[in-house]
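Spelled out from the first residue to the last, the chains are:
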Amino acid sequence: MIFNLEKSSNQHISLPTEFGVELYIKREDKIHPHISGNKYRKLKYNLIEAEKLGFKTLLTFGGAYSNHITAVASVGAEFGFKTIGVIRGEELTDKIKDNPTLTFAQSCGMQFKFVSRSDYREKASKDFINSLKEEFGTFYLIPEGGTNTLAIKGCEEILTETDKNFDYVCCAVGTGGTISGLIKSSNQNQKILGFPALKGAFLTKDISKFVIKNNWELIVDYHFGGYAKINTELVTFINQFKKEHHIPLDPVYTGKMMYGIIDMITKNKFPKGSKILAIHTGGLQGIEGMNMRLKEKKLPLIK
Ligand SMILES: *Cc1c(COP(=O)(O)O)cnc(C)c1O
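Described in the following lines is the structure provided in the data block.

Conventions and cut-offs
- Residues numbered from 1 in each chain as written.
- Predicted model: local features only at pLDDT ≥ 70, side-chain atom pairs only at ≥ 80, totals over all residues.
- Heavy atoms only, no water.
- Core = buried A, V, L, I, M, F, W, Y, C linked by side-chain atoms within 4.5 Å.
- Buried < 20%, exposed > 50% of the residue type's maximum accessible area, 1.4 Å probe, protein only.
- Helix = DSSP H or I, 4+ residues; strand = E, 2+ residues; numbered from the N terminus.
- Contact = heavy atoms within 4.5 Å.
- Disulfide = S-S within 2.5 Å.
- Pairing = 2+ DSSP bridges.
- Axes fitted to C-alpha atoms, helices over the stretch in contact; angles between N-to-C directions.
- Polar contact = N/O pair within 3.5 Å; in protein donor to acceptor, adjacent residues only side chain to side chain.
- Near = heavy atom within 4 Å.
- Areas by Shrake-Rupley, 256 points an atom, 1.4 Å probe, with all protein chains shown as cover.
- Nonpolar A, V, L, I, M, F, W, Y, C, P; charged D, E, K, R; others polar.
- Right-handed = clockwise from strand over helix to strand, strands pointing away.

**Quick notes on the nonpolar core**
- Core analysis: the biggest nonpolar cluster contains 38 residues, and Leu 23, Phe 195, Met 258, Ile 261 and Ile 265 have the highest contact counts within it.
- The set of elements that each furnish at least two residues to this core consists of strand S2 (22-27), strand S7 (168-173), strand S8 (191-196), helix H9 (232-245), helix H10 (254-266), strand S10 (275-280) and helix H11 (286-296).
- Considering every element that reaches this core, the biggest residue donor is H10, with six residues.
- Those residues in contact with Met 258 that sit more than four places away from it in its chain are Leu 23, Ile 25, Phe 237, Phe 241, Leu 249 and Ala 278.
- Ranked by size, the runner-up nonpolar core spans 25 residues in total, among them Ala 71, Ala 73, Ile 87 and Ile 96.

What follows is the structure, encoded as structure tokens:
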């Protein structure tokens, strides 16, 4: 077992004292060398369920740089499941070698099915799932991004008893599964702030489906133009943060969240004396693929 849950400790981030707040980061990125911390949390009870029901194969969906695809491929290899990744983008069929995420997933034994963007949009439909069953036989289905009830149960285990001392808990938001788990396990007097990594008005509704508490809020100002969209300002921030605090951030999720937290602290958006906990959900495997794209555009790279 190579999950090191004990490595996920809270690390203090030193800030100028005049900001008047305390910031810590929970190093969920350290749980596993390839699997984003929150993806491990989201898969845990799904793997137990798949095993209990006797499934030998996991099937899931994702984009070509997806942390979730990496995670499913990796746990499949580790726990003895066959894995199938339905990947958005037919044009990638003969380009696996140029993509570090897909190359890694393939080395874990994941089998791919590349589909057009329009087919990908139909991925949750009964017809599409049935055609996948005809092609691959029976499988345990994990939705895109891994969010379902069992995933949220796993994410409820991110916060520990001592984390109840924090006034704010911050996390990056993709599909909303991780923040839902955090909200469920939070104290009512804590506030959970989600930083969406994409433009998505649907997120509030999605999260509300899973939680009944109202001690949470989405901070929608830091998506940098949309999912996986970045600019030189964000790259500069990620590099500077690593230099100062020796903590790597990923460009799709945690970089944007931390940029947002620091910006809000600088603008005095948190009351003086606040104790803030940011969740480092991982995602570091995505840096290599992002750097390849930055290099093509002759933009500064993530160090
Ligand atoms: C997937 C992911 C998220 C978003 O998690 P959701 O549960 O989909 O909201 C955040 N951070 C990282 C690093 C991720 O890989």
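On we go.
**What to know about the state of the cysteines**
- Applying the stated criterion across every chain, the model contains zero disulfides.
- Unpaired in terms of disulfides, Cys 155 finds its nearest cysteine sulfur in Cys 171, a separation of 8.7 Å.

**Remarks on the sheet that holds strand S5 (residues 111-115)**
- Taken in spatial order, the four strands make up an open sheet running S5-S4-S3-S6, and their pairing is parallel. Bordering the open sheet on either side are S5 and strand S6 (140-142), each of which pairs with just one other strand. Averaged over all pairs of adjacent strands, the angle between strand axes in this sheet comes to 20°, irrespective of strand direction.
- In the sheet, strand S3 (residues 57-62) pairs with strand S4 (residues 82-88) via six bridges, with the strands oriented parallel. Of the residues in S4, the one forming a bridge with Thr 57 is Lys 82.

**As for the sheet that holds S2**
- Spatially, the six strands line up as an open sheet ordered S1-S2-S10-S7-S8-S9, and their pairing is mixed. Strands with a single pairing partner mark the edges of an open sheet, and in this sheet they are strand S1 (10-13) and strand S9 (216-218). Each neighbouring strand pair of the sheet contributes to a mean axis angle of 25°, computed without reference to strand direction.
- Relative to S8, S7 runs parallel, the two sharing six bridges. Bridging from a neighbouring strand, Ala 172 pairs with Phe 195 of S8.
- Along the sheet, H10 makes contact with S2, S7, S8 and S10, crossing S10 at roughly 165°.

**Observations concerning helix H3 (residues 100-107)**
- Looking at H3, one finds that the buried residues are Pro 100, Thr 101, Leu 102 and Ala 105.
- Check the buried side of H3 and you find it contacts helix H2 (67-79), S4, S5 and H11.
- A side-chain oxygen of the first residue of H3 lies 2.9 Å from the backbone nitrogen of Thr 101; this N-cap is Asn 99.
- At the C-terminal side of H3, Gly 109 shows a positive phi close to 100°.

**Considerations on the environment of Arg 117**
- With respect to the helices, strands and loops of the structure, Arg 117 is situated in helix H4 (residues 117-121).
- By relative accessible area, Arg 117 is classed as partly exposed at 42%.
- C-alpha of Arg 117 to C-alpha of Thr 236: the two residues are 119 residues apart in sequence and 32 Å apart in space.
- Those residues in contact with Arg 117, other than ones at most four positions away along the chain, are Arg 88, Gly 89 and Glu 91.

**Focus on the site of the ligand**
- Taken together, 17 residues form the shell around the ligand, and within it Lys 39, Lys 42, Thr 175, Thr 178 and Thr 281 come nearest.
- Taking Ser 36, its side chain carries an N or O atom lying 3.5 Å from an oxygen atom of the ligand.
- Contacts to the ligand include Lys 42, whose side-chain N or O atom sits 2.5 Å from an oxygen atom.
- In the complex, 98% of the free accessible area of the ligand, which totals 390 Å², lies under the protein chains.
- Secondary structure elements with two or more residues in the shell around the ligand: helix H1 (37-52), S7 and helix H7 (177-185).
- Looking at which element gives the most residues to the shell around the ligand, the answer is H1, with three residues.
- Tallied by class, the residues present in the shell around the ligand amount to three nonpolar, 12 polar and two charged.

**Considering the pairing of S8**
- Along S8, five of the six residues are buried, which leaves the element largely enclosed by surrounding structure.
- Handedness of the S7-H7-S8 crossover: right-handed.
- Sheet topology places S8 next to S9; three bridges connect them, and they run parallel. By the bridge assignment, Ile 192 is partnered in S9 with Trp 216.
- Chirality of the crossover, the property in question, places the unit of S8, helix H8 (residues 202-210) and S9 among those that are right-handed.

Coordinates in, geometry out; function isn't part of it.
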